[in-house]
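Residues per chain are reported as follows:
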Amino acid sequence: MIVGMVVSAISGGVTALAVSLAHDAGALQAALSYPLGGMIAVMAFAAVAFGRQTSDRF
């Protein structure tokens, strides 16, 4: 699960950075998009992972 969270954080950050640069955002917005995208991706990964664990119990 840790490896999945790390991969998710990196890929989410890269995706957010690419989208930010594609939309001609400023340097500050581009710099802030990487950690924000990573955090959102990790939260989504955790929600899906924990959702699968609780649904397997029923």
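Undergrad: What is the right way to read the overall build of the chain from this model?
TA: Summing up its helical and strand segments, the chain has 2 helices and 0 strands in all. In terms of overall size, the chain is more extended than a compact globule, its C-alpha atoms giving a radius of gyration of 14 Å where 58 residues would be expected to give roughly 10 Å. Projected onto its principal axes, the C-alpha positions of the chain cover 50 × 20 × 15 Å. The buried share of the chain, reckoned over its 58 residues, is 19%. Accessible surface computed for the chain: about 4300 Å², of which carbon and sulfur atoms make up 74%.

Undergrad: I tried to follow the environment of S11 on my own but got confused; where do I start?
TA: In this fold, S11 is placed in helix α1 (residues 2-22). Given the relative accessible area of 40%, S11 is considered partly exposed. C-alpha of S11 to C-alpha of A41: the two residues are 30 residues apart in sequence and 8.0 Å apart in space.

What counts, and where the lines are drawn
Residues numbered from 1 in each chain as written. Predicted model: local features only at pLDDT ≥ 70, side-chain atom pairs only at ≥ 80, totals over all residues. Heavy atoms only, no water. Helix = DSSP H or I, 4+ residues; strand = E, 2+ residues; numbered from the N terminus. Rg over C-alpha atoms; globule rule 2.2 N^0.38 Å. Buried < 20%, exposed > 50% of the residue type's maximum accessible area, 1.4 Å probe, protein only. Areas by Shrake-Rupley, 256 points an atom, 1.4 Å probe, with all protein chains shown as cover.

Note that every value here comes from positions in space, so none of it alone points to a role or purpose.
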